Amino acid sequence: QVQLVESGGGLVQAGGSLRLSCAASGRTLSSNAMGWFRQAPGKEREFVAAISWSGGSIYYADSVKGRFTISRDNAKNTVYLQMNSLKPEDTAVYYCAASRRAWSRVTMHDEYDYWGQGTQVTVSS
């Protein structure tokens, strides 16, 4: 079994930055793609970013491209999401997730077997 714990969320003004972390425990995830999703009130969960097990493949949603950076440290079993130039529309609960495969259908939430509990990000205007 795998447990994922997100941290780093909070309240920030528009234009500010936050860095989310996702620590995995239970087993090593160095062979699994990892993703970040978010869900705003009244909206469906949406894909934000994904990174392959090696870090060699990375994919972003158009809405965050150029502002967010995903990275991972397999030695620490941790994935990060650096969020810059935040906008009010980035307000959501952010979830990290572990895929069952190295890199496949990474934008689809049903590709991911394990999910964290989420961390709230609120961007004020």
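Residues numbered from 1 in each chain as written. Predicted model: local features only at pLDDT ≥ 70, side-chain atom pairs only at ≥ 80, totals over all residues. Heavy atoms only, no water.

Draft legend 1. Layout of the overall build of the protein chain. If you tally the helices and strands in the protein chain, you get 0 helices and 11 strands. When the helices and strands of the protein chain are listed from N to C terminus, the series reads β-β-β-β-β-β-β-β-β-β-β. Taken over C-alpha atoms, the radius of gyration comes to 13 Å for the protein chain, in line with the 14 Å a tight globule of 125 residues would show. Overall size of the protein chain, expressed as C-alpha extent along the three principal axes, is 40 × 25 × 25 Å. Classification of the 125 residues of the protein chain by burial places 45% in the buried group. Looking at the protein chain alone, contacts between residues at least 24 apart form 59% of all its contacts between residues at least 6 apart. Counting every atom, the protein chain has about 6,100 Å² of accessible surface; 48% of that belongs to carbon and sulfur. When the 13 positive and 10 negative side-chain charges of the protein chain are each reduced to one mean point, those points stand 4 Å apart. (Helix = DSSP H or I, 4+ residues; strand = E, 2+ residues; numbered from the N terminus. Rg over C-alpha atoms; globule rule 2.2 N^0.38 Å. Buried < 20%, exposed > 50% of the residue type's maximum accessible area, 1.4 Å probe, protein only. Contact = heavy atoms within 4.5 Å. Areas by Shrake-Rupley, 256 points an atom, 1.4 Å probe, with all protein chains shown as cover. Lys, Arg positive; Asp, Glu negative; His and termini not counted. Charge placed at Lys NZ, Arg CZ, Asp CG, Glu CD.)

Draft legend 2. Representation of the packing of aromatic side chains. Taken as a whole and judged by the stated rule, the model has 5 aromatic pairs. Judged by centre distance (5.7 Å) and plane angle (75°), the ring pair of F37 and F47 falls under edge-to-face. Note that F37 is positioned in strand β4 (residues 34–39) and F47 in strand β5 (residues 46–51), a separation of 10 residues in sequence. Here F37 and F47 have matching classes, each one buried. Each member of the aromatic cluster is reached from another via a ring pair, and the members are F37, F47, Y59, Y112 and W115. Cation over ring: R45 sits above Y95, and NZ or CZ is 3.9 Å from the ring centre. Seen from the ring of W115, R45 lies directly overhead, with NZ or CZ sitting 4.8 Å from the centre. (Phe/Tyr/Trp six-rings, centres within 6.5 Å; stacked < 30°, edge-to-face > 60°. Lys NZ or Arg CZ within 6 Å of the ring centre and 35° of its normal.)

Draft legend 3. Highlighting the state of the cysteines. All told, the structure shown has 1 disulfide when counted by the stated rule. Note that C22 is cross-linked by a disulfide to C96, the S-S spacing being 1.9 Å. Disulfide C22-C96: the torsion about the S-S bond is 50°, which places it as right-handed. Of this pair, C22 sits in strand β3 (residues 18–25) while C96 sits in strand β9 (residues 92–99); the two residues are 74 residues apart in sequence, bridging distant segments of the chain. Neither residue differs from the other here; C22 and C96 are each classed as buried. (Disulfide = S-S within 2.5 Å.)

Draft legend 4. Just the pairing of β3, in detail. Two elements, strand β1 (residues 3–7) and β3, share 5 bridges in a ladder whose sense is antiparallel. Across the sheet, L4 pairs through a bridge with A24, a residue of β3. (Pairing = 2+ DSSP bridges.)

Draft legend 5. The environment of S85, seen in detail. Structurally, S85 can be placed in the loop between β8 (78–83) and β9. Judged by its relative accessible area of 40%, S85 is partly exposed. Each C-alpha atom of the pair S85 and V64 lies 9.6 Å from the other, and the pair is 21 residues apart in sequence. Each residue touching S85, except ones within four places of it in the same chain, is listed here: G15, G16, S17, R67 and D90.

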